[in-house]
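# Inside the fold
These are the residues of each chain, in order.
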Amino acid sequence: MDIVLLILAVLLIIVGIVGCVIPALPGPPISFVGILLLEFTKFADFSMALMLVLLFSVLVITVVDYIFPIYMTKKLGGTKWGTWGATIGLLLGFFLGPLGAIAGPFFGALVGELIGGSKGNIAMNSAIGSFVGFLLGTGGKLIVSGVITYYFIKALWQYCF
C-alpha cells in the first residue's frame, strides 16, 4: 500500500508544479495533497508544525493568487472601472480555460477602463497591472509548491540513504 501511495504522491507533486503555471489547476493544494499522502507512508515522518505551516502557506497563496490581479490593476492606476473589469474578466476567463484565466483579467481591466472613460494609456496601465498581478500570483504558487516539493524529495532522500 505504501508504494501505491508513493506513486500517487509523486504524480500529485508533479501535477501540482504544472498547476502553478496552468490557471485551471490549483497547483499548491494539489502539491499539498501529494506531501500529505507521503506522510501516510513509511517513507516520511513530517512534524505537525511543518504540515500546518505548509497548509497555511497553501491557503494564503491560493487566496492571494485571485486577489493579486485585481490589486495590481488598482496599484498601477486603474479606477473602479478597471478593478471591476479585471474581476469580471477573471470570473469569465476562468470558464474559458487556462488562456482565458490569463487573458480575462487583462482584457477585463482594459475594457472596464475604456467603458469608464479612461484614456488609452490609463486603460493599458490598468490591464498591465492585472497581468503583473497574474505573474506575481504564479510566482508565489511556484514558490509554495517548490517548498513542498523540496520537503517531499528531502524525505525520500533521507529514507533511501
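The structure displayed is predicted, hence computed values, not measured ones.

### Considering the overall build of the protein chain
Of regular secondary structure, the protein chain possesses six helices and zero strands. Counting helices and strands in the order they occur from the N terminus, the protein chain gives α-α-α-α-α-α. A principal-axis box enclosing the C-alpha atoms of the protein chain has dimensions of 65 × 25 × 20 Å. Here the protein chain holds 161 residues, and the buried ones make up 42% of them. The long-range share in the protein chain, meaning contacts at least 24 apart out of those at least 6 apart in sequence, stands at 67%. For the protein chain, the exposed surface amounts to about 8900 Å²; the carbon and sulfur share of it is 80%.

### Quick word on the packing of helix H1 (residues 2-19) against helix H6 (residues 120-160)
Put simply, H1 and H6 touch, their axes get as near as 9 Å, and they point 155 degrees apart. Considering their axes alone, H1 and H6 lie roughly antiparallel with respect to each other. Viewed along their axes, H1 and H6 form a crossing whose handedness is left-handed. Contacts from Leu6, Ala9, Val10, Ile13, Gly16, Ile17 and Gly19 of H1 reach H6 at Lys141, Leu142, Ser145, Gly146, Ile148, Thr149, Phe152 and Leu156. Here the residues of the contact of H1 with H6 are counted per class, giving nine nonpolar, five polar and one charged.

### What about helix H3 (residues 48-75)?
Structurally, the α-helix is built with 3.6 residues per turn, so residues lying three or four positions apart point the same way. Helix length check: H3 (28 residues) gives 38 Å between terminal C-alpha atoms against 40 Å at 1.5 Å per residue, within 8%. At Ile67, H3 shows its strongest bend, of approximately 40 degrees, with the proline Pro69 following within four residues. Regarding H3, the residues found buried are Leu50, Met51, Leu54, Val58, Ile61, Asp65, Pro69, Met72 and Thr73. Immediately beyond the C-terminal end of H3, within one or two residues, lies Gly77, with a positive phi of roughly 100 degrees.

### What about the nonpolar core?
Membership of the largest hydrophobic core comes to 21 residues, with the highest contact counts inside it found for Phe32, Ile35, Leu38, Phe46, Ile148 and Phe152. Residue assignment for this core shows that the elements contributing at least two residues are H1, helix H2 (27-39), H3 and H6.

### Notes on a nonpolar patch on the surface
On the surface, Met1, Ile3, Val4, Ile7, Leu8 and Leu11 cluster together into a nonpolar patch covering about 620 Å² of accessible area. Within the element layout of this structure, Ile3 appears in helix H1.

### Focus on the side chain of Ser145
Structurally, the position occupied by Ser145 is in helix H6. Exposure remark for Ser145: the relative accessible area of 0% places this residue in the buried category.

### Describing the side chain of Thr41
With respect to the secondary-structure elements, Thr41 resides in the loop between H2 and H3. In this structure the side chain of Thr41 is engaged in a polar contact, spanning 3.1 Å, whose partner is the backbone nitrogen of Phe43.

### Remarks on H2
Taking 1.5 Å of rise per residue, 13 residues should cover 18 Å, and H2 covers 19 Å from first to last C-alpha, within 8% of that figure. Along H2, the positions that sit buried rather than exposed are Gly27, Pro28, Ile30, Ser31, Phe32, Gly34, Ile35, Leu37 and Leu38. Buried residues along H2 sit in contact with H1, H3 and H6.

Each value, and the rule that gives it
Residues numbered from 1 in each chain as written. Predicted model: local features only at pLDDT ≥ 70, side-chain atom pairs only at ≥ 80, totals over all residues. Heavy atoms only, no water. Helix = DSSP H or I, 4+ residues; strand = E, 2+ residues; numbered from the N terminus. Buried < 20%, exposed > 50% of the residue type's maximum accessible area, 1.4 Å probe, protein only. Contact = heavy atoms within 4.5 Å. Areas by Shrake-Rupley, 256 points an atom, 1.4 Å probe, with all protein chains shown as cover. Axes fitted to C-alpha atoms, helices over the stretch in contact; angles between N-to-C directions. Parallel < 35°, antiparallel > 145°, perpendicular 65-115°, else oblique. Left-handed = near helix turned anticlockwise from the far one by under 90°. Nonpolar A, V, L, I, M, F, W, Y, C, P; charged D, E, K, R; others polar. Expected span 1.5 Å × (residues − 1). Bend = angle between axes of the 7 residues up to and from the residue. Core = buried A, V, L, I, M, F, W, Y, C linked by side-chain atoms within 4.5 Å. Patch = residues over 30% accessible without salt bridge, like charges linked within 9 Å, V, L, I, M, F, W, Y side chains within 5 Å. Salt bridge = Lys/Arg side-chain N within 4 Å of Asp/Glu carboxyl O. Polar contact = N/O pair within 3.5 Å; in protein donor to acceptor, adjacent residues only side chain to side chain.

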